[in-house]
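A look at the structure
The residues making up each chain are set out below.
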Amino acid sequence: MMPFVWLAVASLVGIYTVNYYRCYTRNLAAAKQSGLPYIVAPIYVFNRFWLVTHKLWIPLLEKLPKSWTDPWLQFLDPEWTWLKRHEPFKAIGSDIFLVCSPGKNSVYVADPEATTQIVTRRNDFPKPIEIYGSVDLYGKNVVSTEGSIWRHHRKITSPPFTEKNNHLVWQESLHQAQSMMASFLDKDSEGKSTVYDIAAATMRLSLHVISRAGFGRRLLWPHEELEENGQAGVVPEGHTMTYKDALSTLLENIIAVMLLPKWFLANSPFKKNKIAYESYTEWGKYMREMYQDKKAEVQAGERRDGMDLMGALVSGAGIKPDQDPEKADKQLLSDSEILGNAFVFILAGHETAANTLHFAMLYLAMNWSTQEMLQKDLDEIFGDRPVDQWDYEQDVPKLFGSMCGAVMNEELRLIPPVVGIPKCTLKDSPQPLNLKGRRVIIPESSAITLITVASHRNPKYWPTTCGSNASEAEIEKDLASWKPQRWVLDPSKSNSPAAQQQQAQHSDPEEDIGGPQSSDTSSHLFNPERGAFIPFSEGYRACLGRRFAQVEVLAVLAAIFREYSVELDLDKYASKDELAAMEEATRRQTWDKARDTAEGLLMNGMMTIITIQMRSGKVPVNFVKRGSEKYKYN
Ligand code: HEM
């Protein structure tokens, strides 16, 4: 018996080794023919086994002599794109390179010319939809499909994303920003309110905006619930959780819900898993109810104003007024696809915008001078007008072209929520790219990542604030730093041919894919070369909610910073009395400690879970009325 077992094991190892070697030689040959600089690594970084166990192996591999592991070891950390940013491109001397491994060839891109070709050749460089399976929690949708099925979803989901409907996003964002501030300031009679978890607050705000603007359901902050209902968190009949709790609990546990089987979650001995399952079923129930109500509304010929994403999905599915439900034609979207799209809008639409607001606020707290510039521009735009007199048509273009737009763009440049945008080539379909007149070949079946954080720091394409005689090191430091003023440096660069080209990027006479048609940035700000600034991706699969997100972020920043300033909270370093008694220099040193901690977390405390988030700590901040700031430091 034993010799047989050994023989079987040896045969399996033998087959694996031969296959491994065969794949390696095939991928290596393709890498050599590609014309791209390449590096050979022993394993594909997104191999499932490696993804789960890499934290065990990497420290061991790091103990080996560097000459054995350089330069490939860095590319085996799944977070390398965030941690290394543009560094490897500089070291390799090319803005596009290939990592060859037996599992797959991976191509990494920080080259605007390559990016533009990849995003505009949808059939040659599709999305690798196998990695989006977990987004199909309630059904297939516009994010997780490709080809004709995607086109079908996009045609149905894009109509509500109009300029007209962004008015509602604007109004709701202003309202929610004011409510959030009221909830902060509620706590402290001295006019100072410490917010320990600004990430959670912005997530909540953003969830409220998409819920109301997209689905017509206004969510309340705890103090508003108390005012309106006399109590917070009333659970409607037939449910075990409120709509808000179901959704926020689901989103908090999204990774477990996406990755673990539902039967396991339902029967797990861990309370956390059970709650995650409950939120999954509860939110599904709410969405089904909303869907049934909307179906009845559409069948009765009723129409709602506003964005009404669910209404658009129901109408897009072919459900018509006066239609006898029994005799309904075959729906163009199934019930599960309608729910799948509703879910994905909430998922895609809330975390990304929340991150942008969260990190913008932290950067502003760490850089008083940029906060002051922002507030000066807000004063110029709004004068004495109260928020209820702010006007979408008049004020949004001005905000977009002011320091407010610069703050938003600079945040999206430094910490774009999607660090790597995945694309691929198909089997038997190697694809040529033309780079500055040189032809290179992306091998068949390659994984491609458009690395936003590297493109956004590529010194060839970005203005700096350090003058024309700056050294390479100074330029790198400047591009790694928060400098919203780089967007307003040289207005003469506005509307450059590249910028005009960018404005035309979505207009394809052959295929109308809907979605925002305007430029990614204001024509009054620096307009990067096409393909260099890609927080919302570009081309066919560009973000459908770009304009929605931009309007939300601008509105929230304006509503907050017209009235308040944000500061780092120093409680961890000194008591209130100690701070009050401190000499200026000592107080500054104390603030520097808080700033260093925040900077450290923004650099090394981040991790990608759907979008990039701060996972290893929090940066507490205070919102204070303008004029009562204590730490005007940079
Ligand atoms: C700052 C905020 C946002 C950023 C940075 C952002 C970024 C992105 C990126 C990079 C993609 C392409 C992803 C890929 O190819 O894998 C994308 C796609 C998408 N986004 Fe956004 N997004 C934001 C806000 C929103 C909002 C508010 C909504 C909806 C209300 C939304 C809806 C979508 C949808 C539906 C897609 C898929 C489009 C398609 O494949 O046809 N996003 N977004």
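The coordinates are above.
Residues numbered from 1 in each chain as written. Predicted model: local features only at pLDDT ≥ 70, side-chain atom pairs only at ≥ 80, totals over all residues. Heavy atoms only, no water.

The next point concerns the sheet that holds strand β4 (residues 193–195). Here three strands make up an open sheet; going across it, the order is β4-β12-β9 and the pairing antiparallel. Single-partner strands in this sheet number two, and they are β4 and β9 (564–568). Averaged over all neighbouring strand pairs, the angle between strand axes comes to 30°, with direction disregarded. The sheet contact formed by β4 and strand β12 (residues 621–625) spans three bridges and is antiparallel. Looking at the pairing, Ser193 lines up with Phe623 of β12. (Pairing = 2+ DSSP bridges. Helix = DSSP H or I, 4+ residues; strand = E, 2+ residues; numbered from the N terminus. Axes fitted to C-alpha atoms, helices over the stretch in contact; angles between N-to-C directions.)

Glancing now at helix α15 (residues 309–316). Burial analysis of α15 places seven of its eight residues in the buried class, which makes it a mostly covered element. Those residues of α15 not exposed but buried are Leu309, Met310, Gly311, Ala312, Leu313, Val314 and Gly316. Elements in contact with the buried residues of α15: α7 (147–157), α9 (198–215), α14 (271–299) and α16 (335–366). Once α15 ends, the next one or two residues include Gly318, with phi positive near 95°. (Buried < 20%, exposed > 50% of the residue type's maximum accessible area, 1.4 Å probe, protein only. Contact = heavy atoms within 4.5 Å.)

In terms of burial, strand β2 (residues 96–100) is largely enclosed, as five of its five residues are buried. By the bridge criterion, three bridges tie strand β1 (residues 38–40) to β2 in an arrangement that is parallel. Residue Tyr38 lies in a different strand from β2, and its bridge partner there is Leu98. Here five bridges tie β2 to strand β3 (residues 105–109), and the two strands are oriented antiparallel to one another. Following the sheet pairing, Ile96 is matched in β3 by Val109. The loop that links β2 with its antiparallel partner β3 comprises four residues.

A few words now on the packing of α16 against helix α19 (residues 403–414). Their axes nearest at 9 Å, the elements α16 and α19 cross at an angle of 105°. By the angle between their directions, the pair α16 and α19 is classed as roughly perpendicular. On α19, the residues that touch Asn355, Thr356, Phe359, Ala360, Tyr363 and Leu364 of α16 are Val407, Glu411, Leu412 and Leu414. Broken down by class, the residue content of the contact of α16 with α19 amounts to seven nonpolar, two polar and one charged. (Parallel < 35°, antiparallel > 145°, perpendicular 65-115°, else oblique. Nonpolar A, V, L, I, M, F, W, Y, C, P; charged D, E, K, R; others polar.)

A few words now on the sheet that holds strand β5 (residues 420–424). Read across the open sheet, the five strands follow the order β1-β2-β3-β8-β5; overall the sheet is mixed. Either end of the sheet is taken by a strand with one partner, and the two such strands are β1 and β5. For this sheet, the mean angle separating the axes of adjacent strands, direction not counted, is 20°. Sitting on the sheet, helix α6 (residues 112–120) touches β2, β3, β5 and β8 (447–451), and the angle it makes with β8 is about 125°.

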